[in-house]
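Given next are the chains, with one letter for each unit.
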Amino acid sequence: MSEGLHDFTDNDAADFISANEDSDSNLFQFLEFEINVQQFNALSVYEKEIIRHGIFLLGVCHFLHKNCFIVVIGCQNEDLAFDMFQTLNASGTPLTSFEVFKPKAVSSVGNSYQTTLKPFIDRIENILETETTSDAKERLNDKIIVSSAVTYNGEIISAKFSDGRNWLNNTFTALTQAVDKELFLKNIAIQSEFYNEIVAPNQPKINSQTYRISNHLSKLGMGTKQADITTLCIYYLKKANHTKSYILLSVFYGLIFDSAPGTPNRIKALSDFEEVCKATAAFFTLWMGSLSTRFPDKVYTELFTDVNNISIRNGKANQKVKFVKDKFKTALTREKVFDINNNKTSKFQWVLKAKNIEWYKRQIVSKFALFCAHHDATADTRPGYEGLLTSAQSGANDLLTCAKWFNSDHEVIEHVAPQNMPKNIKYKNYFDLQIYPGNTSVVNKIGNLANFSRQQNSSIDSEWPEKVFFYWSLTTPTANKSYQVQQLLTNLGLTANHLSNFPPSLHNLSSTTSYLVTVAPIAYRGAEGLSWDKAFIEKRSEHLCERVYDKLSGWL
């Protein structure tokens with residue numbers, strides 16, 4: 001009322017006076033005294049102010065009296081009352097479940113509110129207020145409360161308003177100690193900040209050199225390299241839409257804030273967060289690379305619902321990296337793609353499954369697996385191993401970085417042998433029909449995949465000899481190319497005439513693209529005049545899976 005009175009102008013008062021005389025108006029005959037617009041305009045400034053305020057108040061009272069009604073709805077209990085309110089209030093600005101819960105929290109601690117619960121409630125509200133619309137705020141609230149329920153006491157609730165409100169009220173009411181109430185709200189605050197700092201940031205643009213999550217972790221005290229690999233794992237899980245993993249990561253993220261910056265405990269907590277992020281990325285890749293397309297969501301739920309769990313309320317003692325890793329290895333063992341007691345058997349079981357999976361259908365997982373396989377590796381030049389990898393010195397080919405992950409040279413997954421069999425085969429001596437026998441095709445296995453830029457991938461849908469020339473161009477220093485082209489053609493059994501028939505895009509791309517070490521083994525195989533057939537794809541699939549297992553099992 002006071003804001004409306006302050007903003008009510010002389011022109012508004014004149015409009016109200018005109019409405020008073022209009023029989024079709026909601027304000028018809030709302031004034032008990034006679035006044036017209038001319039009389040109002042003739043008043044002094046002081047008199048206008050008094051009359052203007054009176055007109056405003058009488059107009060508002062008349063409108064409320066004639067047009068508004070009060071209906072009393074009796075409900076059997078408070079839950080039904082809030083459900084009814086939320087339904088009737090849908091056309092206005094709905095309250096979130098946390099906003100409805102807040103008065104209960106405030107009243108429960110009385111005069112100590114300022115020093116006990118208020119700091120946590122302020123942190124929660126600061127995050128909720130980052131949303132500019134009521135719908136977005138409500139969605140954010142629901143995500144935070146759902147994850148808070150799982151992480152606090154392993155309770156699985158839906159995103160419905162009533163479920164969130166009931167969990168907040170019932171769980172908080174059962175707490176009698178002030179320290180437990182603080183822990184309850186602290187967890188919601190951590191979930192809010194984890195979402196804001198880790199979940200909410202979008203994927204960086206291609207070729208980006210700055211990463212919001214990495215910057216945040218660095219501010220918390222992580223070293224540059226430590227923050228980079230942690231950020232890579234998080235962005236990978238997010239890109240793969242593995243949202244269930246967030247509840248696990250949030251718990252170890254929260255442990256970072258239990259100690260002051262720079263202290264040994266803070267350093268340990270940051271290291272644990274890195275280890276859990278790497279373990280989660282490894283577990284997810286090993287699971288998706290050897291089993292069906294279903295995500296391992298149940299495993300994360302069990303971490304909070306089993307008798308021995310890592311929940312905030314009941315599992316503090318189990319919030320250890322080893323506990324999580326053992327849970328992951330047990331889950332893989334249960335699926336018969338791992339052996340928690342024997343690494344040799346474990347590797348055999350996983351590779352046996354993974355080498356026959358159609359990895360192309362899981363492109364983000366494929367990209368991460370290929371990065372792991374090629375990390376610190378180089379082309380194997382031994383006879384019989386052309387096209388495969390061998391380990392290099394540490395740091396020789398550091399692929400597991402955010403810069404490499406978001407580099408345009410590695411943006412998409414490319415088939416070496418074309419995904420679809422060409423209608424007109426140009427190089428019959430190099431074409432293996434067995435690559436395309438329907439349901440037993442090897443074309444989508446990891447052994448037939450490589451990372452490329454989007455531009456390259458759309459321009460080299462060609463057969464093996466043409467691809468060899470292109471791959472070779474990407475991995476051969478410019479100064480050496482002039483006298484090696486003829487040798488390459490000779491090894492492939494081709495002539496200069498064949499070179500003139502290659503798609504022009506191959507020449508253009510190879511002259512403008514940076515050196516790709518991940519393509520070197522494939523280029524070397526072609527340069528040696530060897531074919532790309534079903535047998536080699538299967539051999540490379542097994543080889544890459546072995547390297548993926550070796551790298552990721554170390555993270556577990």
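First, a word on scope: everything that follows refers to the structure included in this document. Here the structure is a predicted model, which means the values were calculated and not measured.

Procedures and definitions
Residues numbered from 1 in each chain as written. Predicted model: local features only at pLDDT ≥ 70, side-chain atom pairs only at ≥ 80, totals over all residues. Heavy atoms only, no water. Helix = DSSP H or I, 4+ residues; strand = E, 2+ residues; numbered from the N terminus. Buried < 20%, exposed > 50% of the residue type's maximum accessible area, 1.4 Å probe, protein only. Contact = heavy atoms within 4.5 Å. Areas by Shrake-Rupley, 256 points an atom, 1.4 Å probe, with all protein chains shown as cover. Axes fitted to C-alpha atoms, helices over the stretch in contact; angles between N-to-C directions. Parallel < 35°, antiparallel > 145°, perpendicular 65-115°, else oblique. Nonpolar A, V, L, I, M, F, W, Y, C, P; charged D, E, K, R; others polar. Pairing = 2+ DSSP bridges. Salt bridge = Lys/Arg side-chain N within 4 Å of Asp/Glu carboxyl O. Polar contact = N/O pair within 3.5 Å; in protein donor to acceptor, adjacent residues only side chain to side chain. Phe/Tyr/Trp six-rings, centres within 6.5 Å; stacked < 30°, edge-to-face > 60°. Left-handed = near helix turned anticlockwise from the far one by under 90°. Expected span 1.5 Å × (residues − 1). Core = buried A, V, L, I, M, F, W, Y, C linked by side-chain atoms within 4.5 Å. Disulfide = S-S within 2.5 Å.

**Points about the overall build of the protein**
- If you tally the helices and strands in the protein, you get 26 helices and 4 strands.
- Within the protein, the fraction of its 556 residues that count as buried is 49%.
- Within the protein, residue pairs in contact and separated by at least 24 positions form 70% of the contacts whose partners lie at least 6 positions apart.
- Of the accessible surface of the protein, which amounts to about 27000 Å², a share of 51% is contributed by carbon and sulfur atoms.

**What to know about helix 25 (residues 520-527)**
- Among the 8 residues in helix 25, 7 count as buried, and that is most of the element.
- When we look at burial in helix 25, the residues that qualify are Ala520, Pro521, Ile522, Ala523, Arg525, Gly526 and Ala527.
- Phi for Gly529, located one or two positions after helix 25, is positive at around 80 degrees.

**Some words on the packing of helix 10 (residues 178-199) against helix 11 (residues 212-220)**
- At a minimum axis separation of 9 Å, helix 10 and helix 11 run at an interaxial angle of 125 degrees. Taken together, the axes of helix 10 and helix 11 lie oblique to each other. Packed against helix 10, whose contacting residues are Asn196, Glu197 and Ile198, the element helix 11 presents Arg212, Ile213 and His216 at the interface.
- Residues of the contact of helix 10 with helix 11, tallied by class, amount to 2 nonpolar, 2 polar and 2 charged.

**A few points about the pairing of strand 3 (residues 412-415)**
- Across the two faces of strand 3 the burial is the same, with Val412 and Glu414 and Ile413 and His415 all buried.
- Relative to strand 4 (residues 449-452), strand 3 runs antiparallel, the two sharing 4 bridges. Bridge pairing links Glu414 to Ala450 in strand 4.

**What about the pattern of salt bridges?**
- All chains considered together, the criterion is met by 25 salt bridges.
- The closest approach of N and O atoms between Glu129 and Lys137, which form a salt bridge, is 2.9 Å.
- Between Lys322 and Asp326 there is a salt bridge, with its nearest N and O atoms 2.7 Å apart. With Lys322 and Asp326 both in helix 16 (residues 321-334) and 4 residues apart, this pair spans about one turn of that helix.

**Here's the deal with the side chain of Thr116**
- Mapping Thr116 onto the fold places it in the loop between helix 6 (97-109) and helix 7 (118-128).
- For Thr116, a relative accessible area of 14% gives the class buried.
- Polar contacts involving the side chain of Thr116 include one to the main-chain carbonyl oxygen of Ser112, which spans 2.7 Å.
- When residues no more than four places from it in sequence are discounted, the contact partners of Thr116 are Val109 and Glu182.

**Observations regarding the packing of aromatic side chains**
- By the definition in use, this model includes 31 aromatic pairs.
- Ring centres of Phe101 and Phe184 lie 6.1 Å apart, and the angle between their planes is 65 degrees; this geometry places the pair in the edge-to-face category. Residue Phe101 is located in helix 6, and its partner Phe184 is located in helix 10; the two are separated by 83 residues in the primary sequence.
- A residue is classified by how much of its surface remains accessible, and Phe101, at 0% relative accessible area, is buried.
- The class for Phe184 is buried, based on a relative accessible area of 0%.
- Seen from their ring centres, Trp532 and Phe536 are 5.0 Å apart, and the 65 degrees between their planes marks the pair as edge-to-face.

**Notes on the packing of helix 9 (residues 161-173) against helix 10**
- Where helix 9 meets helix 10, the closest approach of the two axes is 10 Å, and the angle between their N-to-C directions is 150 degrees. When the axis of helix 9 is compared with that of helix 10, the two are roughly antiparallel. You can see that helix 9 and helix 10 cross each other, and the crossing is right-handed. Mapping the contact onto sequence places Trp167, Leu168, Thr171 and Phe172 in helix 9 and Lys181, Phe184, Leu185 and Ile188 in helix 10.
- By residue class, the composition of the contact of helix 9 with helix 10 is 6 nonpolar, 1 polar and 1 charged.

**Structural notes on helix 18 (residues 363-374)**
- End to end, helix 18 covers 16 Å across 12 residues, agreeing with the expected 16 Å (1.5 Å per residue, within 8%).
- With respect to burial, helix 18 is a largely interior element, 10 of its 12 residues being buried.
- Of the residues making up helix 18, those classed as buried are Val365, Ser366, Lys367, Phe368, Ala369, Leu370, Phe371, Cys372, Ala373 and His374.
- Asp376 occupies a position one or two residues after helix 18 and carries a positive phi of about 50 degrees.

**Considerations on the nonpolar core**
- The biggest cluster of nonpolar side chains holds 110 residues, and the ones touching the most others in it are Phe184, Leu185, Phe252, Phe273, Trp350 and Trp359.
- The element best represented in this core is helix 14 (residues 264-288), accounting for 13 residues.
- Setting aside residues no more than four positions away along its own chain, Phe184 makes contact with Phe101, Tyr152, Trp167, Leu168, Thr171, Phe172 and Leu175.

**Observations regarding the environment of Ile229**
- Within the secondary structure layout, Ile229 lies in helix 12 (residues 224-239).
- Along the backbone, Ile229 and Ser214 are 15 residues apart, and their C-alpha atoms lie at a distance of 8.8 Å.
- Beyond its immediate chain neighbours, meaning those up to four positions away, Ile229 contacts Glu274, Lys278, Leu400 and Trp555.

**Let's talk about the state of the cysteines**
- Summed over all chains, the structure comprises 0 disulfides.
- Free cysteine Cys277: the closest other cysteine sulfur is in Cys233, separated by 6.6 Å.

**Description of unusual backbone geometry**
- Non-glycine residue Asn207 carries a positive phi angle of around 70 degrees.
- By relative accessible area, Asn207 is classed as partly exposed at 39%.
- One non-glycine residue, Lys336, lies in the positive phi region at around 65 degrees.
- Inspection of the secondary structure puts Lys336 in the loop between helix 16 and helix 17 (343-354).
- Judged by relative accessible area, which is 63%, Lys336 ranks as exposed.

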